[in-house]
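An overview of the molecular structure
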Amino acid sequence: MIVLATTGPERASNLPNVPTVIESGVAGYDVTSWNGLAVPAGTPADIVATLNRAVDEALKTPEIQKFSNTAGMDARSMSSEDLRKRIQSDVAKWAQVIEKAGIAKR
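Anyway, here's the lowdown on the structure attached to this text.

Scoring rules and cut-offs
- Residues numbered from 1 in each chain as written.
- Predicted model: local features only at pLDDT ≥ 70, side-chain atom pairs only at ≥ 80, totals over all residues.
- Heavy atoms only, no water.
- Helix = DSSP H or I, 4+ residues; strand = E, 2+ residues; numbered from the N terminus.
- Rg over C-alpha atoms; globule rule 2.2 N^0.38 Å.
- Buried < 20%, exposed > 50% of the residue type's maximum accessible area, 1.4 Å probe, protein only.
- Contact = heavy atoms within 4.5 Å.
- Lys, Arg positive; Asp, Glu negative; His and termini not counted.
- Charge placed at Lys NZ, Arg CZ, Asp CG, Glu CD.
- Salt bridge = Lys/Arg side-chain N within 4 Å of Asp/Glu carboxyl O.

1. A word on the overall build of the chain
Scanning the chain for helices and strands turns up three helices and zero strands. Taking 106 residues into account, the globule formula puts the C-alpha radius of gyration at 13 Å, and the chain, at 17 Å, lies well above it. Based on the C-alpha atoms only, the size of the chain along its principal axes is roughly 45 × 40 × 25 Å. The buried share of the chain, taken over its 106 residues, is 9%. Of all intrachain contacts in the chain linking residues separated by at least 6 positions in sequence, the fraction that spans at least 24 positions is 33%. Each charge class in the chain can be summarised by its mean position, and for the 12 positive and 12 negative side chains these summaries are 6 Å apart.

Pasting the structure below:
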């Protein structure tokens, strides 16, 4: 298999010599998947912070790093605010793609 490029904005840690689509000449290209944890609205900030720290610590363990790297993922955490911004950004991006592609809403 020959990998021509990766689809994230940064090079993949498991493929450090493979350029991104952006580096290959397509400005702004970012098609990545992600996973996140959500809690009910109104969850106290201290509980959200505790959960965020626990996830951050878990993602940094050698076992999780090895597993994610083997699966072709870069395991990393972000703050709840950064996740909120990512969700808003992705909704806007894919809504634009749907509109430009003329995909009908059901």
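2. Description of the pattern of salt bridges
The full count for this structure, using the stated rule, is five salt bridges. In this structure, Glu23 engages Arg11 in a salt bridge whose closest nitrogen and oxygen atoms are separated by 3.0 Å. One end of the pair, Glu23, is in the segment before helix H1 (45–59); the other, Arg11, is in the segment before H1, with twelve residues separating them in the sequence. For Arg86, the salt bridge identified is with Asp90, shortest N-O distance 3.1 Å. Of the two residues, Arg86 and Asp90 both sit in helix H3 (residues 80–101), four residues apart, roughly one turn of that helix.

3. Details of the environment of Ala38
Examined against the element boundaries, Ala38 turns out to sit in the segment before H1. Note on Ala38: relative accessible area 77%, which makes it exposed. Taking the C-alpha atoms as reference points, Ala38 and Val48, ten residues apart in sequence, are found 9.2 Å from one another.

4. Focus: the side chain of Thr20
With respect to the helices, strands and loops of the structure, Thr20 is situated in the segment before H1. Residue classification places Thr20 among the buried residues on the basis of a relative accessible area of 2%. If we ignore the near neighbours within four places in the chain, the residues touching Thr20 are Ala5, Thr6, Gly8, Pro9, Glu10 and Arg11.

Function cannot be read off these values alone, since they describe shape.
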